[in-house]
Every structure is written in structure tokens, then in C-alpha cells.
Amino acid sequence: MIQHRLYGYDETYKHVLYAFISYWANQSDAGKGEQARKAIFEPVSIIIKASNAQLFQIKGLFRLVSKKGFVEYIPLLKEHLPILIKNPEDNYWRIHDVIELFLNVDSNFVLQILKKNDKKLSDFGF
């Protein structure tokens, strides 16, 4: 278990996620990016689902989605935001990060989720 330095919750999955991202980057540099992308999909999906119930961050994945076109994760992230937004006190920064991603990827989705939950962009620092 890798504990968060201030709050003590388990961040092991966050570190594993970064390892998968690093693996993809290294393989991509070697010309095997698509193979690595397919290989990491299932374990990264498990990590996203685990982050729905745990406090670790998955922000490191968002650059791949927005800048590298890893759109296969968007459906899982669309499930992620509504779960987080139900508990904004514990998830403020995680909600902020997901909203930031979706403002670049699918802004209509963000607006729908916020409206459905009686929230505004300003509630999360925008």
C-alpha cells in the first residue's frame, strides 16, 4: 500500500496507473504504441472503476485522452463524473480535473451533469 502523504488513503492504484502510462510512452517511442495502448486498456479500465469508490486521482490519464486521442476511456470517465459529483466535499479536485477534461472533450456532457446535480462550473473553480 502506498499512502497519500497528507491524508493517509491508499494511492497504490494511482502509482500503477502512472506505470501503465509510462509503459505506453516507452512502447510508443519504440514504435509499438498501438499494441501497448490495447494492452493497457483493461487494467487502466479497472483502475478508473476503482477510482469511483476510492480517493486516489487519475488525472495523469486525462492528457492521453485529450491530447493523444485515447477516446476509448471516455465512456468510463462519463460514468466517473456523476459518481464523484454526488460527494463534492471529498472529491472537489477530482471533480475539477474531470470537468477540465470534459470541457475540452465534450462540454455539453459537463453542463448536463452539472445541471442535473444543481451545480455550476464556479462550484468547482471555473
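Read on for a plain summary of the structure. None of these values were measured; they are calculated from a predicted model.

1. Here's the deal with the side chain of Ser51
Within the secondary structure, Ser51 sits in helix H2 (residues 33-51). Classification of Ser51 by relative accessible area gives buried; the value is 0%. Sequence-distant contacts of Ser51, that is, excluding residues within four places in its chain, are made with Phe56, Ile58, His80, Leu84 and Arg94.

2. Quick notes on H2
Between its first and last C-alpha, H2 extends 25 Å over 19 residues, near the 27 Å set by a 1.5 Å rise per residue. Of all the bends found along H2, the most pronounced is centred on Phe41 and spans about 40°, while Pro43, a proline, follows it within four residues. If you check which residues of H2 are buried, you get Gly33, Ala36, Arg37, Ile40, Val44, Ser45, Ile47, Ile48, Ala50 and Ser51. Where the residues of H2 are buried, they touch helix H1 (12-29), helix H4 (74-85) and helix H5 (88-105).

Reading the values: the criteria
- Residues numbered from 1 in each chain as written.
- Predicted model: local features only at pLDDT ≥ 70, side-chain atom pairs only at ≥ 80, totals over all residues.
- Heavy atoms only, no water.
- Helix = DSSP H or I, 4+ residues; strand = E, 2+ residues; numbered from the N terminus.
- Buried < 20%, exposed > 50% of the residue type's maximum accessible area, 1.4 Å probe, protein only.
- Contact = heavy atoms within 4.5 Å.
- Expected span 1.5 Å × (residues − 1).
- Bend = angle between axes of the 7 residues up to and from the residue.

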